[in-house]
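Coordinates in review
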Amino acid sequence: MSENNDVILKVEGLKTYFYQASGVTKAVDGVSFTLKQGETMGIVGESGSGKSVTSSSVMRLMPSKTAKIVEGDITFEGIDLLKLSKKDLLKFRGNECCMIFQNPMTSLDPVFKIGYQMVEMIREHHKVSKKEAWNQAVEALKMVGIPEAEKRMEAYPHELSGGMCQRVIIAMAVCGNPKLIIADEPTTALDVTVQAQVLELLKDLQKKMNTAILLITHNLGVVWEMCDTVMVMYAGNTVEYADTKTLYQEPLHPYTWGLLDSMPKLSSSSKEALVTIPGTPPDLRLTGYCCNFYNRCPYVTDACRESAPPLVEVKPGHFVACHRQNGVNQLKRRGATGDGK
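Residues numbered from 1 in each chain as written. Predicted model: local features only at pLDDT ≥ 70, side-chain atom pairs only at ≥ 80, totals over all residues. Heavy atoms only, no water.

Focus on helix 1 (residues 51-59)
To keep it simple, the criterion reads: Summary of the burial criterion: residues with accessible area below 20% of their type's maximum are buried, those above 50% are exposed, and those between are partly exposed, where the area comes from a 1.4 Å probe applied to protein chains only. Helix and strand assignments come from DSSP, with helices taken as H or I runs of at least 4 residues and strands as E runs of at least 2, each series counted from the N terminus.
Within helix 1, eight of the nine residues are buried, which leaves the element mostly enclosed by the surrounding structure. Restricting attention to buried positions, one finds in helix 1 the residues Lys-51, Val-53, Thr-54, Ser-55, Ser-56, Ser-57, Val-58 and Met-59. A positive backbone phi angle near 60 degrees is found at Arg-60, which sits one or two residues after helix 1.

If you want it as structure tokens, here you go:
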């Protein structure tokens, strides 16, 4: 990936494996990307493609007994995160980077009040008094649009709605003024109206704080609205990586085509069947020896079955891992009725 002075996070050749009695699961098996200060990058792909494991690897939150980063580099502002001590990791997680998880109701402790949890978090990472921490927490709640912030500080998580709890999580995240926010499907557990509010909130906070955001989502519409760059993952690999406009207007990987084709369209008839990608993802214990998508790809060749395609920069800033899209060969996308070459 290209070097730039504004790059805040750089991941190269990341491989994270799970070691179990049934075998070695290659959850992430070769992921590379860069994220610049103040930008948003989306990671998309089916469930089990390695999106959340990638983000957890960046935060070093993988279970030590079963998971291991076996290869690759993760650097944050030039600092090698894989070499940080436990003490330095705690500072990094609270001060430099924070994570917003998928389900807000499981991110908050149900037996403690919102105010107590926020104050404890702030004092863990900043040397301030309880009163100062309390005031910071109230201001953070106001910043994320929670009404009657002082009153909400005395509430338990179960007394708030899912959308309100997610705002609390975001407030906790921005208390430390982080340079990077990792949002792991932050709107999945919320209804559509609240989803839009939460995403708009993240965009506003990003403008105010110039924070970089790594957004993991299934929703390609959210990616178009939120992200500057996109990485498409499949079976633990990066299969395509480009700026958002390029990926949507000139996608190159057959898997990306399948994802885009499967998006419901406003012009579609209510009786029209939704487009799906046939087949199922491979067993991650058996990947790495060929193109992982070959058994579901309508453009498969013998080369796809024999070796894994490398991630190649076919155009400036546009990377793709496909034997038939290597800059020399140019696979044409099939139309509604036509055939690809």
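Regarding the packing of helix 4 (residues 114-125) against helix 5 (residues 130-143)
This is how the line gets drawn: As a rule, the C-alpha atoms of each element are fitted with a line to give its axis, helices using only the stretch in contact, and angles between N-to-C directions run from 0 to 180 degrees. Oblique is the label for every angle not falling under 35 degrees (roughly parallel), over 145 degrees (roughly antiparallel), or within 65 to 115 degrees (roughly perpendicular). Handedness of each helix crossing follows the sense of rotation of the near helix against the far helix: counterclockwise by less than a right angle gives left-handed, clockwise gives right-handed. Only heavy atoms enter the contact rule, under which two residues are in contact if any of them lie within 4.5 Å. Ten residues, namely Ala, Val, Leu, Ile, Met, Phe, Trp, Tyr, Cys and Pro, are considered nonpolar, four, namely Asp, Glu, Lys and Arg, are considered charged, and the remaining ones, Gly among them, are considered polar.
Running from N to C, helix 4 and helix 5 cross one another at 115 degrees; their axes reach a closest spacing of 9 Å. Taken together, helix 4 and helix 5 sit at an angle that is classed as roughly perpendicular. Considering how the two elements wind past one another, helix 4 and helix 5 form a crossing that is right-handed. Taken together, the residues of helix 5 that come into contact with helix 4 (itself represented by Gly-115, Met-118, Val-119, Ile-122 and Arg-123) are Lys-130, Ala-133, Trp-134, Gln-136, Ala-137, Ala-140 and Leu-141. Considered class by class, the residues forming the contact of helix 4 with helix 5 number eight nonpolar, two polar and two charged.

What about the pairing of strand 11 (residues 312-315)?
Side-chain direction in a regular strand flips from residue to residue, so the side chains alternate between the two faces of the sheet. For clarity, the threshold we go by: The rule for pairing is simple: two strands pair if DSSP sees at least two bridges between them.
One ladder, built from three bridges, connects strand 11 with strand 12 (residues 318-320); its direction is antiparallel. Directly across from Lys-315, in strand 12, lies its bridge partner His-318. Hairpin connection between strand 11 and strand 12: a loop of two residues separates the two successive antiparallel strands, and Gly-317 in this loop has a positive phi of roughly 80 degrees.

Observations regarding the sheet that holds strand 1 (residues 7-20)
Ordered in space as 2-1-4-5, the four strands form an open sheet in which the pairing is antiparallel. Bordering the open sheet on either side are strand 2 (23-36) and strand 5 (79-80), each of which pairs with just one other strand. Sheet topology note: the strand 4 (residues 67-76)/strand 5 ladder contains two bridges and is antiparallel. For Phe-76, the partnering residue across the bridge sits in strand 5 and is Ile-79. Its contacts with the sheet put helix 1 on strand 1, strand 2 and strand 4, and the angle it makes with strand 1 is roughly 110 degrees.

Describing the state of the cysteines
This is how it is decided: Disulfide: a pair of cysteine sulfur atoms within 2.5 Å of each other.
For the coordinates displayed, the defined rule picks out zero disulfides. Left unpaired, Cys-98 is separated from the closest cysteine sulfur, that of Cys-97, by 6.2 Å. The structure places no disulfide on Cys-297, whose sulfur is separated from the nearest cysteine sulfur, that of Cys-304, by 6.2 Å. A relative accessible area of 14% places Cys-297 in the buried class.

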